[in-house]
Amino acid sequence: QVQLVESGGGLVQAGGSLTLSCVVSGNILSLANMGWYRQTPGNQRELAAGFRGSRPNYADSVKGRFTISRDNVKNTLYLHMNSLKTEDTAVYYCSGIGSRGPIWGQGTQVTVSS
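Report on the accompanying structure. (Residues numbered from 1 in each chain as written. Predicted model: local features only at pLDDT ≥ 70, side-chain atom pairs only at ≥ 80, totals over all residues. Heavy atoms only, no water.)

Structural notes on the overall build of the protein chain
Across its full length, the protein chain holds 0 helices and 11 strands. Helices and strands in the protein chain line up, N terminus first, as β-β-β-β-β-β-β-β-β-β-β. Taking contacts inside the protein chain between residues at least 6 apart in sequence as the whole, the part at least 24 apart equals 54%. Taken as a whole, the protein chain presents about 6200 Å² of accessible surface, with 48% of it coming from carbon and sulfur. Side-chain charges in the protein chain split into 10 positive and 6 negative, and the spacing between the mean points of these groups amounts to 7 Å. (Helix = DSSP H or I, 4+ residues; strand = E, 2+ residues; numbered from the N terminus. Contact = heavy atoms within 4.5 Å. Areas by Shrake-Rupley, 256 points an atom, 1.4 Å probe, with all protein chains shown as cover. Lys, Arg positive; Asp, Glu negative; His and termini not counted. Charge placed at Lys NZ, Arg CZ, Asp CG, Glu CD.)

Right, dumping it as structure tokens:
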């Protein structure tokens, strides 16, 4: 069973940067539509950045500031976050679609202070 383990969250000041990592304990190529979702209390879990096939797509709110990438050799998905805003504060979840259905990481907290 493929598992996702996230790291890289933390506390940063507005305007700063963070890079999130998601290590796939299996073959990353076995997962489709890999991406990063984020959620704040009381809100829906929303896609921040993800792949449609090999094409990255981004929420309008992060476009131009976030970059999603993957390393198939390291079995790792990344989210590079620049020019962070306080509204980026959320729990970020790595996800992908495996043969048994959706797979989610445990989530990592990103907090952006003013």
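Comments concerning the pattern of salt bridges
Tallying each qualifying case throughout the model produces 2 salt bridges. The closest approach of N and O atoms between Asp88 and Arg38, which form a salt bridge, is 2.9 Å. Pair noted here: Asp88 is in the loop between β8 (76-81) and β9 (90-98) and Arg38 is in strand β4 (residues 32-39), with a separation of 50 residues, a long-range link. Of the residues examined, Arg38 reaches a relative accessible area of 12% and is grouped as buried. Between Arg65 and Asp88 there is a salt bridge, with its nearest N and O atoms 2.7 Å apart. Placement of the pair is Arg65 in the loop between β6 (55-58) and β7 (66-71) and Asp88 in the loop between β8 and β9, with a sequence separation of 23 residues. Here Arg65 and Asp88 have matching classes, each one buried. When salt bridges that share partners are traced, they join Arg38, Arg65 and Asp88 into one network. (Salt bridge = Lys/Arg side-chain N within 4 Å of Asp/Glu carboxyl O. Buried < 20%, exposed > 50% of the residue type's maximum accessible area, 1.4 Å probe, protein only.)

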